[in-house]
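Observations on chain architecture
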Amino acid sequence: MSAAEEVAADGGVGGPPGKPPQQYHLVVLTAKPPASSVIGIAGVGTADLLPTVEGDLKRTSVRVIDKAKQLCTEVIDVSYEVCEGDARNVICEAVDRHHAEMLVVGCHGYGAWKRAVLGSVSDYCSHHAHCTVMIVKKPKHLKAEHTP
């Protein structure tokens, strides 16, 4: 479970322990990249791969939403969305569409080199989302357990 999923499962940023949390609407969003962006420019036969890749991406999105539903069983007002596109843009557009007051986004914890090459969704959102952004990192003790 990611740190962001744990925050969502715990009801997000609520009131003091033992008291009901503030009322909010939780939107759990996952961004599904278009199959063509995953394949890129691969040459002859690429068109034959598109349906397979698209199916894999859809199954992955379903698994993400199913996991979120398992974690959010105690959240009263929650909705789930799968949006196609680049995660940076999809998330910032969803913030605007839902008039979000807060965005909680996870962090892969990439080093400087990977961040420079791949970009950072959380960094982009922290600079472009029109709301408060909380970046949730995986605790160091969990990182060590999952390192091969």
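Each remark here, short or long, concerns the structure printed above.
First, a word on scope: everything that follows refers to the structure included in this document. Note that the structure is predicted; figures quoted are calculated from it, not measured.

Examining the overall build of the protein chain
Each helix and strand in the protein chain was counted, giving 7 helices and 4 strands. When its helices and strands are written in sequence order, the protein chain yields α-β-α-α-β-α-β-α-α-β-α. Relative to its 148 residues, the protein chain shows a buried fraction of 26%. Contacts spanning at least 24 positions in sequence make up 70% of the contacts within the protein chain whose residues lie at least 6 apart.

Observations concerning the nonpolar core
Of all hydrophobic cores here, the largest spans 8 residues; its members are Ile91, Cys92, Val95, Leu103, Val105, Cys125, Ala129 and Cys131. Broken down by element, the residue count for this core peaks at 3 residues, all from helix α4 (residues 87-98). Here Leu103 is in contact with Ile91, Val95, Cys125, Ala129, Cys131, Thr132, Val133 and Met134, once residues within four sequence places are set aside.

Quick look at the pattern of salt bridges
The tally for this structure, following the rule as stated, stands at 5 salt bridges. For Glu54, the salt bridge is made with Lys32, and the minimal N-O distance between the two is 2.8 Å. With Glu54 in helix α3 (residues 46-71) and Lys32 in strand β1 (residues 26-32), this residue pair connects regions lying 22 residues apart in the sequence. Of the two residues, Glu54 and Lys32, both sit in the buried class. Salt-bridge contacts for Asp86 lead to Arg88; the nearest nitrogen and oxygen are separated by 3.3 Å. What makes Asp86 partly exposed here is its relative accessible area of 37%. With a relative accessible area of 19%, Arg88 lands in the buried category. Put simply, Lys32, Glu54 and Glu84 are held in one network by salt bridges that share partners.

Considering the packing of α4 against helix α6 (residues 121-128)
Between α4 and α6, whose axes approach to 9 Å, the crossing angle comes to 35°. The hand of the α4/α6 crossing is right-handed. For the pair α4 and α6, the contacting residues are Ala87, Arg88, Asn89, Ile91 and Cys92 in the first and Val121, Tyr124, Cys125 and His128 in the second.

Quick look at α4
An ideal rise of 1.5 Å per residue puts 16 Å on 12 residues; α4 measures up with 16 Å between its terminal C-alpha atoms. Positive backbone phi, at 50°, marks His99, one or two positions downstream of α4.

Structural notes on the environment of Ala47
Mapped onto the elements of the fold, Ala47 is located in helix α3. C-alpha of Ala47 to C-alpha of Ser36: the two residues are 11 residues apart in sequence and 8.9 Å apart in space.

Regarding the packing of aromatic side chains
Inspection of every chain in the model, using the stated rule, returns 0 aromatic pairs. The ring of Tyr80 carries the charged tip of Lys69 above its face, separated from the ring centre by 5.4 Å.

Let's talk about the environment of Cys125
Mapped onto the fold, Cys125 is located in helix α6. For Cys125, a relative accessible area of 0% translates into the label buried. C-alpha of Cys125 to C-alpha of Val105: the two residues are 20 residues apart in sequence and 8.4 Å apart in space. With residues near it in sequence (within four places) discarded, Cys125 still touches Arg88, Ile91, Cys92, Leu103 and Val133.

Criteria and thresholds
Residues numbered from 1 in each chain as written. Predicted model: local features only at pLDDT ≥ 70, side-chain atom pairs only at ≥ 80, totals over all residues. Heavy atoms only, no water. Helix = DSSP H or I, 4+ residues; strand = E, 2+ residues; numbered from the N terminus. Buried < 20%, exposed > 50% of the residue type's maximum accessible area, 1.4 Å probe, protein only. Contact = heavy atoms within 4.5 Å. Core = buried A, V, L, I, M, F, W, Y, C linked by side-chain atoms within 4.5 Å. Salt bridge = Lys/Arg side-chain N within 4 Å of Asp/Glu carboxyl O. Axes fitted to C-alpha atoms, helices over the stretch in contact; angles between N-to-C directions. Left-handed = near helix turned anticlockwise from the far one by under 90°. Expected span 1.5 Å × (residues − 1). Phe/Tyr/Trp six-rings, centres within 6.5 Å; stacked < 30°, edge-to-face > 60°. Lys NZ or Arg CZ within 6 Å of the ring centre and 35° of its normal.

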